[in-house]
Amino acid sequence: MTKTKLSMAVGLAIVAAGANAQSSVTLFGVADLGILSARASGVAGVNSVITDGNTSTRFGLRGTEDLGGGLKAQFWIEGAVSMDTGASGTTSVDNIASSANGLFARRSTLGLQGNFGEVRMGRDYTPTFNNLTTAVHPFGTNGVGNAGQLFYPVAAGGTTPRTNVRASNSIAYLTPNLGGFSAHVMWANAGAAAAAGTDNGRYVGARLAYRAKDFTVSAATGKTEYATGDYTQSNIGATYRMGPARLSYLWGQNKVGVTSTKANMIGVQYQIGKGEVRAAFTTLKAKGVANDATQLAVGYVHSLSKRTALYTAYSNVDNKGVGTRFSVGGGLRPTTPGGNSSGLEFGVRHSF
Amino acid sequence: MTKTKLSMAVGLAIVAAGANAQSSVTLFGVADLGILSARASGVAGVNSVITDGNTSTRFGLRGTEDLGGGLKAQFWIEGAVSMDTGASGTTSVDNIASSANGLFARRSTLGLQGNFGEVRMGRDYTPTFNNLTTAVHPFGTNGVGNAGQLFYPVAAGGTTPRTNVRASNSIAYLTPNLGGFSAHVMWANAGAAAAAGTDNGRYVGARLAYRAKDFTVSAATGKTEYATGDYTQSNIGATYRMGPARLSYLWGQNKVGVTSTKANMIGVQYQIGKGEVRAAFTTLKAKGVANDATQLAVGYVHSLSKRTALYTAYSNVDNKGVGTRFSVGGGLRPTTPGGNSSGLEFGVRHSF
Amino acid sequence: MTKTKLSMAVGLAIVAAGANAQSSVTLFGVADLGILSARASGVAGVNSVITDGNTSTRFGLRGTEDLGGGLKAQFWIEGAVSMDTGASGTTSVDNIASSANGLFARRSTLGLQGNFGEVRMGRDYTPTFNNLTTAVHPFGTNGVGNAGQLFYPVAAGGTTPRTNVRASNSIAYLTPNLGGFSAHVMWANAGAAAAAGTDNGRYVGARLAYRAKDFTVSAATGKTEYATGDYTQSNIGATYRMGPARLSYLWGQNKVGVTSTKANMIGVQYQIGKGEVRAAFTTLKAKGVANDATQLAVGYVHSLSKRTALYTAYSNVDNKGVGTRFSVGGGLRPTTPGGNSSGLEFGVRHSF
């Protein structure tokens, strides 16, 4: 069993009292806090208490109702919490701007499921994001070694993409498992009807995945139309399990207007008793924006129980040429041309 | 049984563990998502994923404690969620301005109940709002056909009324059922003590209702003092049930300063097996603000279970003269003088 | 048993279904609403519905997991709610500025507990704040008579302290009970790594407490570094129980830059059946900021059950010299030089 399983929330099923005995709502969440020591070329170092070093802190409600005849309804509302400050998360109501009142902005979906798969509406991960999570990347998108550092888009030409993780106003179709194959397609509109006559903020994307016993491969692409320059995200991920080891490879490209960044990652996870050693190495090539860079990340996660783990990770990002754009997750950005950024973190992650 | 019953949240009673066996808190909510196709004269049409087409998405906690001697304490905190974006709702801390941090702004009340009725404090529906809900109107205040389009006030002379739905800082008295009669009176102050010496934002209102086996009638009026022009809302509603049919009538008036809008609605709901057909026709007359208008709304709700339903609705609003003020719920406002606005929606509503 | 015990939230343990039978999450909260009649010299009086007259309204999730070998993990996320408006609370992400999105800003902590005590990270009460609560002060920090009126800092020289109650980004160590003695030390950084190279917003503080059967004494001090002038808070509290009576004494000092305020409080609480009479008298001396003042507060709390109580309190604050800085909790600030502020409140407090 891999560690990525352990990072899932262990929800508590609260069985309904009274007549609707089949009803249930699950109250669930994750709390993650740690300490980060961050350094960068040309900048004074900082030691700080941080949130989400291993897994994103969250709380949520979800439930599934059996409607008979193989049909099920599932709702899911889940919000981010910064454990270091108690602050809630942000959303984007139009997939263009960021707004602060994102109470359940990690996910707010309602779906109908059956033999045909699932039709799901609301705010949810885009198909392209799924390849950046722990489904492929050893560090997912958390902590100093997170995939977001080199696999997220770089704002350019007035466009700050908002759909590299989630899209609001979406409708998606997820196929069932078809002999190991599965697909996920999503369409999301820009937001309020006030935006009539413009496609600014509209997302369309798809992901195709294949899963065998010890092997997975998946490819995804998505495009968001922006008045200031469209955003396209594409990626391919693969994992291979050999006994206690899991190898992973991720390729990703982000195009914002006429600019482009491409990254390649090779990763490994290795189970040792209740612990997992992790490492990832990523190279990034940039065109028309930012600079080339490489990232090395190593880490260790030790399970105290199914719900609680201690973790540590170290990562270093090297900017190439005279670039200073990239840094480790939660870290400091260098000011010295071609400088590097590094971070060492320790923390606790607890699921409830 | 009518469909309006089905739109109530099916809460899950979580019985307390341990000694306080009589204690309980109920975690409850509704999730509603759909698709809207909106059109309007002179404007490009829009298709979008929408929230709350049938019932307002919400989550909340509530509980009742038996204090003995017929006395009970009841708390209720409930907040809005935009299921399409995960965003939380808004409140008005002074009944004058809108503010974003309305976590439990749908309702936050604490009441003491007994044979005498209930004394309830906090943020709650105004007595006048209750006649606009599904208690009278076939579409309540949700979706393309919602009552708010022609029964809500039109801002005028610097006054944007905030008390047509709820009031903050309120204290209310609700009588018990007295042979079919009941009354609800509310007083709400403007907010913080900082507003000393001014009545700006103070609300006073009352509702009187009578309920027989197949017949209900209710009348309500409320006044909010604003420095820029007082706001008065009055309405009368009646419903009559004949077998599978329910007929409804609603009259409402909103005065903002020296301006006024008056609306009349006739509606019908008809049960067919697990479904309900709905229709409503409304005419509006405006004085000193906006323009006259009419609205037609038809819809159908199909229950998949006690908790889950599919729905569809179509509505059209015609602006009279050269007016362009009114549109269907969630829809587009026409730009052509005297133009119309229409919307067709499909969706799923799920209670938990 | 004292009334201060009753003001604790009565949480509901929700036992996990299925295999993790030792797991549990507790959903808990308090709702408090009342009416305040406020008066002040030179200002028109105000009557208003208020929140938190006896206890701060809140809702939260918490849980403890037994990790074996005496080790436990505990998470706690808790947010403020204004019951009069449904609004959420505020936080300070950097211990410098206030920000609105404080969903769980009352407390968001994750701790590891054992025989060694507890290591706790996140946003939490500062050690110094604990002496201002009902642990020492008869009125705690709620209502017209609350300790915050004369024991909180006065902003000066550009510094508005944010750590007199809580600190974000904190790591703390709490000793176990060592023969009646206990200690609490806390360090908190200023926030994001963006603040590299500055100590602006960094907090360090400690509290030492001793508890015998009928006697408690505790002393605490904390310092927060601010670019505009450091903030130091120190206090000493003692309580003594004699049958139905509890006597209390509190000394506190707040230094903001070169200014300083010092306050002394003597208090008494007296149990009569299901009720408690409370009184507190405080004098304040100010240097370089604001003015001297005195505060008298009297109150009565009547328990209807373990979870619900009615309360009333009256308080008067006299400003000395030509000062107008101080007022009663939630009250009006006088405009007449040397004027006074008074408030009378009635309310209901309900725990769930």
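Residues numbered from 1 in each chain as written. Chains lettered and ligands numbered in written order. Predicted model: local features only at pLDDT ≥ 70, side-chain atom pairs only at ≥ 80, totals over all residues. Heavy atoms only, no water.

1. As for the overall build of chain A
Part 1 of the reasoning: Scanning chain A for helices and strands turns up two helices and 20 strands.
Part 2 of the reasoning: For 352 residues, the compact-globule formula gives about 20 Å, and the C-alpha radius of gyration of chain A, at 20 Å, lands near that figure.
Part 3 of the reasoning: Within chain A, the proportion of its 352 residues that are buried is 58%.
Part 4 of the reasoning: In chain A, of all internal contacts separated by at least 6 residues, the share reaching a separation of at least 24 is 55%.
Part 5 of the reasoning: Here chain A displays about 12,700 Å² of accessible surface, and carbon together with sulfur accounts for 59% of that area.
Part 6 of the reasoning: Averaging the positions of the 31 positive and the 17 negative side-chain charges in chain A gives two centres separated by 6 Å. (Helix = DSSP H or I, 4+ residues; strand = E, 2+ residues; numbered from the N terminus. Rg over C-alpha atoms; globule rule 2.2 N^0.38 Å. Buried < 20%, exposed > 50% of the residue type's maximum accessible area, 1.4 Å probe, protein only. Contact = heavy atoms within 4.5 Å. Areas by Shrake-Rupley, 256 points an atom, 1.4 Å probe, with all protein chains shown as cover. Lys, Arg positive; Asp, Glu negative; His and termini not counted. Charge placed at Lys NZ, Arg CZ, Asp CG, Glu CD.)

2. Structural notes on the interface of chain C and chain B
Part 1 of the reasoning: Across the contact, 38 residues belong to chain C and 39 residues belong to chain B.
Part 2 of the reasoning: Carbon and sulfur atoms make up 74% of the area that chain C and chain B hide from each other, which totals about 3,200 Å².
Part 3 of the reasoning: Where chain C packs against chain B, one counts zero salt bridges.
Part 4 of the reasoning: On the surface where chain C and chain B come into contact, there are 10 residue pairs in polar contact (both at pLDDT 80 or more).
Part 5 of the reasoning: Of all the elements in the fold, those that place two or more residues in the side of chain C that touches chain B are strand E1 (12-15), strand E2 (24-40), strand E3 (43-51), strand E5 (71-82), strand E6 (87-91), strand E19 (308-319) and strand E20 (340-351) of chain C.
Part 6 of the reasoning: Looking at the side of chain C that touches chain B residue by residue, the classes come out as 22 nonpolar, 12 polar and four charged. (Buried area = accessible area lost by both parts, 1.4 Å probe. Salt bridge = Lys/Arg side-chain N within 4 Å of Asp/Glu carboxyl O. Polar contact = N/O pair within 3.5 Å; in protein donor to acceptor, adjacent residues only side chain to side chain. Nonpolar A, V, L, I, M, F, W, Y, C, P; charged D, E, K, R; others polar.)

3. Some words on the relation of the copies chain C and chain A
Part 1 of the reasoning: In the superposition of chain C on chain A (RMSD 0.0 Å, axial shift 0.0 Å), the rotation amounts to 120°. The transformation just described matches what one would write down for a three-fold rotation axis.
Part 2 of the reasoning: When the interface residues of chain C are mapped onto chain A, a mere 8% of them again fall at the interface, so the copies present different faces. (Least-squares fit on C-alpha atoms with pLDDT ≥ 70 in both.)

4. Points about the packing of aromatic side chains
The relation between two aromatic rings is expressed through the spacing of the ring centres and the mutual angle of the planes.
Part 1 of the reasoning: Tallied over the entire structure, the rule returns 18 aromatic pairs over all chains.
Part 2 of the reasoning: Ring centres of Tyr125(A) and Phe129(A) lie 4.7 Å apart, and the angle between their planes is 45°; on these two criteria the pair is classed as tilted.
Part 3 of the reasoning: By relative accessible area, Phe129(A) is classed as buried at 2%.
Part 4 of the reasoning: Ring geometry for Phe75(B) and Phe352(C): centres 3.9 Å apart, planes at 15°, overall stacked. Here Phe352(C) lies in the segment after E20 and Phe75(B) lies in strand E5 (residues 71-82), a pairing that spans two chains. The pair Phe75(B) / Phe352(C) is uniform in exposure class, with both members buried.
Part 5 of the reasoning: Through pairs of rings, three or more aromatic residues link up here, namely Phe59(A), Phe104(A), Phe59(B), Phe104(B), Phe59(C) and Phe104(C). (Phe/Tyr/Trp six-rings, centres within 6.5 Å; stacked < 30°, edge-to-face > 60°.)

5. Description of the relation of the copies chain C and chain B
Part 1 of the reasoning: Take chain C, turn it by 120°, move it 0.0 Å along the axis, and it overlays chain B with an RMSD of 0.0 Å.
Part 2 of the reasoning: Mapped onto chain B, only 8% of the interface residues of chain C again fall at the interface, so the copies present different surfaces.

6. Regarding the environment of Phe326(C)
All names here are of chain C.
Part 1 of the reasoning: Within the secondary structure, Phe326 sits in the loop between E19 and E20.
Part 2 of the reasoning: Along the primary structure Phe326 and Gly339 are separated by 13 residues, whereas in three dimensions their C-alpha atoms are 9.2 Å apart.
Part 3 of the reasoning: For Phe326, the residues in contact, after removing those within four places along its chain, are Gln149, Leu150, Val154, Leu284, Ala290, Asn291, Ala293, Val317, Asn319, Pro334 and Ser341.

7. As for the interface of chain C and chain A
Part 1 of the reasoning: At the junction of the two partners, chain C supplies 39 residues and chain A supplies 38 residues.
Part 2 of the reasoning: Overall, the association of chain C and chain A removes approximately 3,100 Å² of surface from exposure, summing both partners, and the carbon and sulfur fraction of that is 74%.
Part 3 of the reasoning: Seen at the junction of chain C and chain A, the total is zero salt bridges.
Part 4 of the reasoning: Across the chain C-chain A interface, the total number found is 10 residue pairs in polar contact (both at pLDDT 80 or more).
Part 5 of the reasoning: When residues of the side of chain C that touches chain A are traced back to their parent elements, those giving at least two are E2, strand E4 (58-68), E5, strand E7 (99-102), strand E8 (107-114), strand E9 (117-125) and strand E10 (166-174) of chain C.
Part 6 of the reasoning: In the side of chain C that touches chain A, the residues fall into 22 nonpolar, 15 polar and two charged.

8. Some thoughts on a nonpolar patch on the surface
Residues and elements named next belong to chain A.
Part 1 of the reasoning: There is a patch of nonpolar side chains on the surface, built from Tyr249, Ile266, Phe281, Leu296, Val298, Tyr314, Leu344 and Phe346 and spanning about 690 Å² of accessible area.
Part 2 of the reasoning: On the secondary structure map, Tyr249 appears in strand E15 (residues 245-256).
Part 3 of the reasoning: With a relative accessible area of 34%, Tyr249 lands in the partly exposed category. (Patch = residues over 30% accessible without salt bridge, like charges linked within 9 Å, V, L, I, M, F, W, Y side chains within 5 Å.)

9. Regarding the pattern of salt bridges
Residues and elements named next belong to chain A.
Part 1 of the reasoning: As enumerated under the stated definition, the model contains 30 salt bridges over all chains in all.
Part 2 of the reasoning: The salt bridge partner of Arg107 is Asp124, with a shortest N-O separation of 4.0 Å. Here Arg107, found in strand E8 (residues 107-114), pairs with Asp124, found in strand E9 (residues 117-125); they are 17 residues apart in sequence, far enough to count as distant.
Part 3 of the reasoning: Members of the salt-bridge network, linked through shared partners, are Arg107, Glu118, Arg120 and Asp124.

10. What about the side chain of His184(C)?
Residue and element names in this part refer to chain C.
Part 1 of the reasoning: Topologically, His184 is positioned in strand E11 (residues 181-188).
Part 2 of the reasoning: By relative accessible area, His184 is classed as buried at 7%.
Part 3 of the reasoning: Contact partners of His184, with chain neighbours within four places excluded, come to Tyr125, Pro127, Asn130, Ala172, Tyr173, Leu174, Gly205, Ala206 and Arg207.

11. Here's the deal with the pairing of strand E14 (residues 231-242) of chain A
Residues and elements named next belong to chain A.
Part 1 of the reasoning: Where strand E13 (residues 215-224) lies against E14, 10 bridges are found, and the strand directions are antiparallel. By the bridge assignment for E14, Thr224 is matched with Tyr231.
Part 2 of the reasoning: Hairpin remark: E13 followed by E14, antiparallel, with six residues in the connecting loop; positive phi at Gly229, about 130°.
Part 3 of the reasoning: In the sheet, E14 pairs with E15 via 12 bridges, with the strands oriented antiparallel. (Pairing = 2+ DSSP bridges.)

12. Re the environment of Tyr249(A)
Part 1 of the reasoning: Sequence separation of Tyr249(A) and Gly29(A) is 220 residues, and the distance between their C-alpha atoms is 29 Å.
Part 2 of the reasoning: At 2.5 Å, the side chain of Tyr249(A) and the side chain of Asn264(A) are in polar contact.

13. Remarks on the side chain of Asn291(C)
All names here are of chain C.
Part 1 of the reasoning: Within the element layout of this structure, Asn291 appears in the loop between strand E17 (275-287) and strand E18 (293-303).
Part 2 of the reasoning: There is a polar contact of 3.0 Å between the side chain of Asn291 and the side chain of Asn319.
Part 3 of the reasoning: At a separation of 3.2 Å, a polar atom in the side chain of Asn291 contacts the main-chain amide nitrogen of Arg325.
Part 4 of the reasoning: Contacts of Asn291, omitting those with residues within four sequence positions, involve Leu284, Ala286, Asn319, Lys320, Gly323, Thr324, Arg325 and Phe326.

14. A look at the environment of Gln74(C)
Residue and element names in this part refer to chain C.
Part 1 of the reasoning: In this fold, Gln74 is placed in strand E5.
Part 2 of the reasoning: Spatially, the C-alpha atoms of Gln74 and Leu112 are 6.5 Å apart, while their sequence positions differ by 38 residues.
Part 3 of the reasoning: The residues touching Gln74, leaving out its near neighbours within four places in the chain, are Gly63, Thr64, Arg107, Thr109, Leu110, Gly111, Gln113 and Glu118.
Part 4 of the reasoning: At 3.4 Å, the side chain of Gln74 forms a polar contact with the side chain of Thr64.

15. So, unusual backbone geometry
Residue and element names in this part refer to chain B.
Part 1 of the reasoning: For Asn95, which is not glycine, the phi torsion reads 65° and is therefore positive.
Part 2 of the reasoning: Structurally, Asn95 is set in the loop between strand E6 (87-91) and strand E7 (99-102).
Part 3 of the reasoning: In this structure, Asn169 is a non-glycine residue whose phi angle is positive, near 60°.
Part 4 of the reasoning: Topologically, Asn169 is positioned in strand E10 (residues 166-174).

16. Observations regarding the pairing of strand E20 (residues 340-351) of chain B
All names here are of chain B.
Part 1 of the reasoning: Burial within E20 is extensive, with nine of its 12 residues counted as buried.
Part 2 of the reasoning: Here strand E19 (residues 308-319) pairs with E20 via 11 bridges, running antiparallel. By the bridge assignment for E20, Asp318 is matched with Asn340.

17. Section: the confidence of the model for chain A
Part 1 of the reasoning: Looking at chain A, pLDDT values average 92 and 91% of them are 70 or higher.
Part 2 of the reasoning: Reported confidences for the modelled complex are a pTM of 0.93 and an ipTM of 0.91. (pLDDT = per-residue confidence, 0-100.)

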